[in-house]
Amino acid sequence: MIQTTRGKIVKCIWIGDYPTFFHKNMDNSCILTVEAHSSPFLCPEDFSNGIKVYIERPHLINLKVLAAEPLKKLFNVNVNAEVLAILTKEDFCLNEVSDIFIKNGAVFSTSEVSKSVDNKDISKNTVIFRNLCPRKINIFKEVLEIVILDHSEGSASFFPKKSDVLKSPIAPAFPYKFTLLKMDSRCVASMQWLEKKVLPKILKWSLDIPNYPIVPSINLLSAKDYSMNLHYLKSKYAEKFLKIWNDYSNTDPKKYVYEDISIAAYISL
């Protein structure tokens, strides 16, 4: 579990090259977040275009959906804790949520507002109400979903109506979110290392604590001083000893040379 400003990450998986987190908010509600990283080939505008395709044409990837029917579109929306509590914990009503948005200053789509949104001239959110129409109407029913586009964060959050999606599982049965992060390759490599190397070890150690104890003598020295002394001795003696080791011993020089230098670095302090 990793503490973040948005809550606690209770699970982390990878979808392709993208880290995926289940965020647990302070009110114990959860939202699945898929975080893509930007690159020279993917700018925020391109990411927004891709999200737009998914919003308007979900049937391209979801074979259970025939089409998405837009119901309402609001601009200049203030998404506060009250709204999030309704969307994540309650079986919300479209008119109820819409009224809350409008009371907080949201406006319906107009040509002027739409133009400003396309030009990214607003800082608040856009909210889209849509119905997901099933391909097999004899088996499934429509699912109401609310989409929140956060222009400042560069994210899209999807909140399905719980009673709809539980009866008609044509969409994820939980809130989920896509976010474009500005990250360089070093950040991505670090996240992959934490996910693929560190987290599996932590899970292993949670069930099986290593038997070997911490050697008390390690705490008798400054880690910084030891590291500097070790680096000095390695740079001065390692290459020389590696070359002549086989003249005196048949053992593995890389193993014993560096091991002996490590001991010498400790003793000489």
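Within each chain, residues carry numbers counting from 1 in the order of the written sequence. It should be noted that, the model being predicted, local features are given only for residues of pLDDT at least 70 and side-chain atom pairs only at 80 or more, the latter also being counted only at that level, while totals for whole chains, interfaces and linings use all residues. As a convention, hydrogens and water are excluded, and side-chain values are obtained from all of the structure's heavy atoms.

You'll find the chain entered in an unreviewed UniProt entry as tRNA (uracil-O(2)-)-methyltransferase, with Caerostris extrusa given as the organism. Taken verbatim from the UniProt record of the chain, the Subcellular location (unreviewed entry) comment is "Cytoplasm". UniProt positions are given in the numbering used here, feature names are shortened, and annotations may be inferred rather than shown by experiment.

Each aromatic ring pair is characterised by the separation of its centres together with the angle its planes make. Stacked, tilted and edge-to-face are the three classes assigned to paired rings of Phe, Tyr and Trp, where Trp is represented by its six-membered ring and a pair needs centres within 6.5 Å; plane angles under 30 degrees give stacked, over 60 edge-to-face, the rest tilted. Throughout the structure, instances matching the rule amount to 7 aromatic pairs. Residues Tyr 54 and Phe 178 carry aromatic rings whose centres are separated by 6.2 Å and whose planes lie at 75° to one another, so their mutual orientation is edge-to-face. Here Tyr 54 is found in helix H1 (residues 44–56), whereas its partner Phe 178 is found in strand S10 (residues 176–181), with 124 residues between them in sequence. Relative accessibility thresholds used throughout: buried, under 20% of the residue-type maximum; exposed, over 50%; partly exposed, between the two (1.4 Å probe, protein chains only). Among the residues examined, Tyr 54 registers a relative accessible area of 23% and is labelled partly exposed. What makes Phe 178 partly exposed here is its relative accessible area of 24%. Each ring, one from Phe 158 and one from Phe 178, has its centre 6.1 Å from the other, and the planes form 85°; the classification is edge-to-face. Residue Phe 158 is found in strand S9 (residues 155–160), and its partner Phe 178 is found in strand S10; the two are separated by 20 residues along the sequence. On the basis of relative accessible area, Phe 158 is assigned to the buried category, the value being 0%. A connected cluster of aromatic rings, assembled from ring pairs, spans Tyr 54, Phe 158, Tyr 176 and Phe 178. Counting as a charge over the ring demands two things of the Lys NZ or Arg CZ atom: a distance within 6 Å of the ring centre and an angle within 35 degrees of the ring normal. Directly above the aromatic system of Tyr 256 lies the positively charged group of Lys 255, at a separation of 4.3 Å from the ring centroid. Numbered from the N terminus, helices here are DSSP runs of H or I no shorter than four residues, and strands are runs of E no shorter than two.

Right, let's talk about the side chain of Ser 155 for a bit. Following the sequence through the fold, Ser 155 ends up in strand S9. Whenever two N or O atoms come within 3.5 Å, that pair is a polar contact, provided that in protein one can donate a hydrogen and the other can accept it, and provided that, for residues adjacent in sequence, both atoms are side-chain atoms. Here the side chain of Ser 155 touches Glu 153 through a polar contact of 2.6 Å, side chain to side chain. Every residue pair with non-hydrogen atoms within 4.5 Å of one another is taken to be in contact. Apart from residues lying up to four places away in sequence, Ser 155 is in contact with Ile 148, Leu 149, Asp 150, Lys 177, Phe 178 and Thr 179.

What follows covers a nonpolar patch on the surface. A surface patch of nonpolar side chains, about 330 Å² in accessible area, is lined by Phe 241, Ile 244 and Tyr 248. With respect to the helices, strands and loops of the structure, Phe 241 is situated in helix H7 (residues 223–244). Distance thresholds for patches are 9 Å for like charges and 5 Å for nonpolar side chains (Val, Leu, Ile, Met, Phe, Trp, Tyr), applied to residues having over 30% relative accessible area and no salt bridge. Note that accessible areas follow from Shrake-Rupley with a 1.4 Å probe, and for residues the cover is restricted to the protein chains shown. Here a salt bridge means any side-chain nitrogen of Lys or Arg lying within 4 Å of a carboxyl oxygen belonging to Asp or Glu.

What follows concerns the packing of H7 against helix H8 (residues 253–267). Look at H7 against H8: their axes get within 9 Å of each other, and the N-to-C directions meet at 140°. The crossing of H7 and H8 is right-handed. Where H7 abuts H8, its residues Tyr 226, Asn 229, Leu 230, Leu 233, Lys 234, Tyr 237, Ala 238, Phe 241 and Leu 242 lie against Pro 253, Lys 254, Val 257, Tyr 258, Ile 261, Ser 262, Ala 264, Ala 265 and Tyr 266. Partitioned by chemical class, the residues of the contact of H7 with H8 number 14 nonpolar, 2 polar and 2 charged. To obtain an axis, a line is fitted to C-alpha atoms, over the contacting stretch when the element is a helix, and the angle between two such axes runs from 0 to 180 degrees between their N-to-C directions. By convention the crossing between two helices is left-handed if the near helix lies anticlockwise of the far one by an angle smaller than a right angle, and right-handed if it lies clockwise. Throughout this entry, Asp, Glu, Lys and Arg are counted as charged residues, while Ala, Val, Leu, Ile, Met, Phe, Trp, Tyr, Cys and Pro are counted as nonpolar. The remaining residues, Gly among them, count as polar.

Further remarks concern the pairing of strand S5 (residues 65–77). When S5 meets strand S7 (residues 125–134), the two strands line up antiparallel, connected through 9 bridges. Its bridge partner lying in S7, Lys 73 is registered against Ile 128. For two strands to be treated as a pair, DSSP must find no fewer than two bridges joining them.

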